[in-house]
Amino acid sequence: MFRRNQSGGQSPNQPTLDAMNEQINNEFASAYAYLSMSAYCESLTLPGFARWLFVQSQEEVEHAMKFYNFILDRGGNVVLRTIEQPPNTFDSPLDVFQKALENEQQVTAQIHALYDMALKQGDYPSQEFLHWFINEQVEEEKITSDAVARLTLAGDHPEALLMLDNEFGSREDEE
Ligand code: FEO
């Protein structure tokens, strides 16, 4: 689909939109990291965790596309950047979810920094747009920290790990 304004015009909100371009990259980097975690869990024959992480990866792509569409809708320029190679070795499923939680905490800080920028610029549409992400990060941190807590409880008990794997495998695709 052809979208307007890839013609070099500068939006008055370009600094925020530039930072949102960086966030497109951050969200795709998250998607890539979750996909790598999913592959690791598949390699351990833990298909439930693998599925959960795969669905999470898809959700991160949707987050990236929300920024992509918002930038275009505001008359900004989308500039896609290189996505770094994610980690591909982990110590355990617990290590995976600890890293996932660290990633979500980092994304929360990125979203808050974007919101600060939008506030300082009096950029009301960006503030409104970012409210969804602020709420989403509360949810994402909660579900990943719950996963860390439950995997910690499971400890070295294979039966508990398999029970959790079964439960995580019931995660539905996102709308
Ligand atoms: Fe898009 Fe999990 O943050």
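Residues numbered from 1 in each chain as written. Predicted model: local features only at pLDDT ≥ 70, side-chain atom pairs only at ≥ 80, totals over all residues. Heavy atoms only, no water.

A. Region of the structure containing the overall build of the protein. Across its full length, the protein holds five helices and zero strands. When the helices and strands of the protein are read in sequence order from the N terminus, they spell out α-α-α-α-α. Across its three principal axes, the protein shows a C-alpha extent of roughly 60 × 30 × 25 Å. For the protein, the residues scored as buried account for 45% of the 175 residues in total. Partitioning the contacts of the protein with sequence separation of at least 6, the portion at a separation of at least 24 is 82%. With the model as given, the accessible surface of the protein reaches about 9,500 Å², and the carbon-plus-sulfur share is 55%. Computed over 11 positive and 29 negative side-chain charges, the inter-centroid distance for the protein is 7 Å. (Helix = DSSP H or I, 4+ residues; strand = E, 2+ residues; numbered from the N terminus. Buried < 20%, exposed > 50% of the residue type's maximum accessible area, 1.4 Å probe, protein only. Contact = heavy atoms within 4.5 Å. Areas by Shrake-Rupley, 256 points an atom, 1.4 Å probe, with all protein chains shown as cover. Lys, Arg positive; Asp, Glu negative; His and termini not counted. Charge placed at Lys NZ, Arg CZ, Asp CG, Glu CD.)

B. Examining unusual backbone geometry more closely. Phi is positive for Thr45, which is not a glycine, with a value near 60°. Relative to the helices and strands, Thr45 is located in the loop between helix H1 (14-43) and helix H2 (47-73).

C. Broad picture of the packing of H1 against helix H3 (residues 93-120). Direction vectors running N to C along H1 and H3 enclose 170°, while the axes themselves pass 11 Å from each other. The angle between the axes of H1 and H3 places the two elements in the roughly antiparallel class. Across from Pro15, Thr16, Ala19, Met20, Gln23, Asn26, Glu27, Ser30, Tyr34, Met37 and Tyr40 in H1, the residues of H3 making contact are Pro93, Val96, Lys99, Ala100, Asn103, Glu104, Val107, Gln110, Ile111, Leu114, Met117 and Ala118. (Axes fitted to C-alpha atoms, helices over the stretch in contact; angles between N-to-C directions. Parallel < 35°, antiparallel > 145°, perpendicular 65-115°, else oblique.)

D. View of the nonpolar core. Counting 20 residues, the largest nonpolar core has Met37, Cys41, Phe49, Leu53, Val96, Phe97 and Phe168 as its most contacted members. Residue assignment for this core shows that the elements contributing at least two residues are H1, H2, H3, helix H4 (124-154) and helix H5 (158-168). Counting 17 residues, the second largest nonpolar core, distinct from the first, contains Ile71, Val78, Tyr115 and Ala118. (Core = buried A, V, L, I, M, F, W, Y, C linked by side-chain atoms within 4.5 Å.)

E. View of the packing of aromatic side chains. In this structure the tally under the stated criterion is eleven aromatic pairs. Ring geometry for Trp132 and Phe133: centres 4.9 Å apart, planes at 80°, overall edge-to-face. Taking the relative accessible area as the measure of exposure, Trp132 reaches 36% and is therefore partly exposed. Taking relative accessible area as the criterion, Phe133 reaches 0% and is therefore assigned buried. Ring pairing ties together the aromatic residues Phe67, Phe70, Phe129, Trp132 and Phe133, which thus form one cluster. Over the ring of Trp132 we find Lys66, and its NZ or CZ is 4.3 Å from the ring centre. (Phe/Tyr/Trp six-rings, centres within 6.5 Å; stacked < 30°, edge-to-face > 60°. Lys NZ or Arg CZ within 6 Å of the ring centre and 35° of its normal.)

F. Molecular detail of the confidence of the model for the protein. Of all residues in the protein, 92% have pLDDT values of 70 or greater, and the mean over the chain is 92. Ignoring residues within four places in sequence, the model shows residues 1-8, a span with pLDDT below 50, making 14 contacts including any to other chains. (pLDDT = per-residue confidence, 0-100.)

G. Geometry of the pattern of salt bridges. Summed over all chains, the structure comprises six salt bridges. As a salt-bridge pair, Arg150 and Glu167 come within 2.5 Å of each other at their nearest N and O atoms. Highlighted residues: Arg150 in helix H4 and Glu167 in helix H5, separated in sequence by 17 residues. Judged by its relative accessible area of 34%, Arg150 is partly exposed. (Salt bridge = Lys/Arg side-chain N within 4 Å of Asp/Glu carboxyl O.)

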